[in-house]
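Each chain, written out:
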Amino acid sequence: MASLSVKPGQRFTMPDWHNNSLLISADAEQQRYNSHHIRQEGRVLRNETGNQAKWDEHNTRTRLNDRVTSVDRWREIMARCLTDIDLEIDALSKVKLAAENAIQAKNLCLDVAIECLTFRESRRDIDVVRDPVEEELIREVKVIEKTKKELQQRVDEAFKQLCLLKETRQQLSCDHRHKVEALELDRQCLSFNVTSGNISFKVNPTRIPDGTIALREWELNNQCIKDRAEAEMRASVDLRGAITLTIAQTNNELDAQRIATEFALRKRIRDMEGALSELRWQEKNTLEEIADMEEEIRQLEENIRKRTLDLKVAHTRLETRTYRPHLELCRDQAQYGLTDEVQQLEGTIRALQQKRTESQDALDALYRQLHRIQTDIGYKTNSLQLDNKCMDTRKKLVIPVEKFDPEVDAVSRTRNLPRNSQLELA
């Protein structure tokens, strides 16, 4: 017969079995509850983090857009400043060139004035005089040197201002280039999205790079660069006006001095021509008087010769009558007449000889005066030729500045002035 086998081990009771079932059911419900709670929390978290990520990305994009707008605005400001400063550099360079040309033009005026002074150094004797022409020429040299000094000072100021403008332009150009690069980078950041192929994890992306500055400092730096550029351009505009005014003032001053010099020179030429005319009139009259005096001397000598012959006749008559014999040798009226005639003739001859001596002295004085007149005519003719040569030389001053081609450098220029005894500039 078969027998019932009994499995060895612990036996649970029905309550245990029911309790176990209830426990499993309760644990399952708890787990489902926990899972449902976690799912709800995960959904909330997903929604919150998703929304937060979207808002953060939106805020980041908005900030990037704002930054791009701000940088682009400053880039445009810097670009306008660059354009304005380039125009100002060009304008100041032209004004500086005009001032340098004006200095070179003054060299021609200086050469002409010195050449005129040198010409007038060839005057001789009494014509070597410190007249108004020489004073005006010396004054003209001083005016030219003063105007050249003023213009050279303006040129130096323009050179320094050009250096400052170019330095400022370099700073503007560098800042403008940096802003263009920053714009490219920020616009590239704006173009990134989750589908971009060049996105990846980076090592320590939240680090603060060396050289980073605060936003306020960035704005102040931009404003400082802009303010400096505007200040340098204002200074350049003021300097351009001052240079233009200086050129006009120096030209007017030099023109006035040139007119005064030429007026004095023309007056001196007229005076010299008048003096020459007077001297030539004196020469003509002196020559006529010399001719008259020579004729008078010849007449006196002829009269002396005739009176001498008459005296010889009288002497001979008296001598012959001394040989009258005996009582015929008497002092008759003829004897008295011959004696009176001899005395009268001797007195006449002495008077004629005295007058001839006086006439000869007067003739010698006339010849000396004629020589003096002719010498002075030579001096004044020479002076007149020199002054006319000065007038011809000063015609060079009508050459326009733009057609003047200087032969020497306007800055380091040497001059040969007349000797100090005739030209004192101190």
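Residues numbered from 1 in each chain as written. Predicted model: local features only at pLDDT ≥ 70, side-chain atom pairs only at ≥ 80, totals over all residues. Heavy atoms only, no water.

The condition is simple: UniProt positions are given in the numbering used here, feature names are shortened, and annotations may be inferred rather than shown by experiment.
The protein is annotated in an unreviewed UniProt entry as Tektin of Grantiella picta. Its UniProt record, at the heading Subcellular location (unreviewed entry), says of the protein: "Cytoplasm, Cytoskeleton, Cilium axoneme".

**Notes on the overall build of the protein**
Condition: Going along the chain from the N terminus, every DSSP run of H or I of four or more residues is numbered as a helix, and every run of E of two or more is numbered as a strand. To get the radius of gyration, use the C-alpha atoms; to get the globule rule, take the number of residues to the power 0.38 and multiply by 2.2 Å. Buried means the residue's accessible area, taken with a 1.4 Å probe over protein chains only, is under 20% of the maximum for its type, while exposed means over 50%, and partly exposed covers the values in between. Residue contacts follow a heavy-atom distance rule, with two residues in contact if any of their heavy atoms lie within 4.5 Å. With residues, only the protein chains shown are counted as cover, and all accessible areas are computed by Shrake-Rupley using a 1.4 Å probe. In summary, the charge assignment counts Lys and Arg as positive and Asp and Glu as negative, without counting His or the chain termini. We put the charge of a Lys on NZ, of an Arg on CZ, of an Asp on CG and of a Glu on CD.
Helix and strand counts for the protein stand at four helices and zero strands. For the protein, the α and β elements follow one another from N to C terminus as α-α-α-α. A compact globule built from 426 residues would reach a C-alpha radius of gyration of about 22 Å, whereas the protein, at 61 Å, exceeds it by more than 25%. Residues counted as buried form 30% of the 426 residues belonging to the protein. Within the protein, counting contacts between residues at least 6 apart in sequence, those at least 24 apart form 91% of the total. Accessible surface, the protein: about 28600 Å² in total, of which carbon and sulfur atoms supply 54%. Seen as two clouds, the 69 positive and the 74 negative side-chain charges of the protein have centres 6 Å apart.

**Here we look at the packing of helix H1 (residues 14–120) against helix H4 (residues 333–394)**
Packed helices, taken two at a time, are described by their axes: the angle between them and the distance between them. Note the threshold: A fitted line through C-alpha atoms serves as each axis, taken over the contacting stretch for helices, and the angle formed by two N-to-C directions is quoted from 0 to 180°. Throughout, the term roughly parallel applies to angles under 35 degrees, roughly antiparallel to angles over 145, roughly perpendicular to angles from 65 to 115, and oblique to all others. Lys, Arg, Asp and Glu make up the charged group, whereas Ala, Val, Leu, Ile, Met, Phe, Trp, Tyr, Cys and Pro make up the nonpolar group; the residues left over, Gly among them, are polar.
Closest axis-to-axis distance for the H1/H4 pair is 9 Å, and the angle between their directions is 170°. With respect to each other, H1 and H4 are oriented roughly antiparallel. Between H1 and H4, the residues in contact are Val112, Glu115, Cys116, Phe119 and Arg120 and Leu386, Asp387, Lys389, Cys390, Thr393 and Arg394, respectively. Its residues assigned to classes, the contact of H1 with H4 shows five nonpolar, one polar and five charged.

**Description of the UniProt feature "coiled-coil region" (unreviewed entry) in the protein**
The positions UniProt marks with the feature "coiled-coil region" (unreviewed entry) are residues 134–161, 276–310 and 342–369. In residues 134–161, helix accounts for 100% and strand for 0%; the two terminal C-alpha atoms are 40 Å from one another. Secondary structure content for residues 342–369 is 100% helix and 0% strand, and the end C-alpha separation is 40 Å.

**Notes on unusual backbone geometry**
Even without being a glycine, Asp125 presents a positive backbone phi close to 50°. Even without a glycine there, the phi angle at Asn204 is positive, about 50°. Locating Asn204 in the fold gives a position in the loop between helix H2 (132–191) and helix H3 (215–321). Among the residues examined, Asn204 registers a relative accessible area of 45% and is labelled partly exposed.

**A closer look at the domain arrangement of the protein**
Threshold: For the domains described, the bounds stem from an automatic or database domain assignment. Buried area, as used here, totals the accessible surface that two parts lose on assembly, with accessibility defined by a 1.4 Å probe and the loss added over both. For this document, the term salt bridge refers to a Lys or Arg side-chain nitrogen within 4 Å of an Asp or Glu carboxyl oxygen. As used in this structure description, the phrase polar contact means that two N or O atoms lie within 3.5 Å; if the pair is within protein, one of them must be able to donate a hydrogen and the other to accept it, and residues adjacent in sequence are counted only when both atoms belong to side chains.
For the protein, the assigned domains read domain 1 (32–192 + 216–272) and domain 2 (289–323 + 332–395). Domain 1 puts 21 residues into the contact, and the matching count from domain 2 is 15 residues. Contact with domain 2 buries area across many residues of domain 1, yet Phe119, Arg124 and Met272 alone supply 33% of it, more than any other trio. Joining domain 1 to domain 2, the criterion identifies three salt bridges. When the shortest N-O distance is used, the salt bridge between Arg120 and Asp387 registers 2.8 Å. Counting across the domain 1 and domain 2 interface gives four residue pairs in polar contact (both at pLDDT 80 or more). Looking at the side of domain 1 that touches domain 2, the elements with two or more residues in it are H1, H2 and H3.

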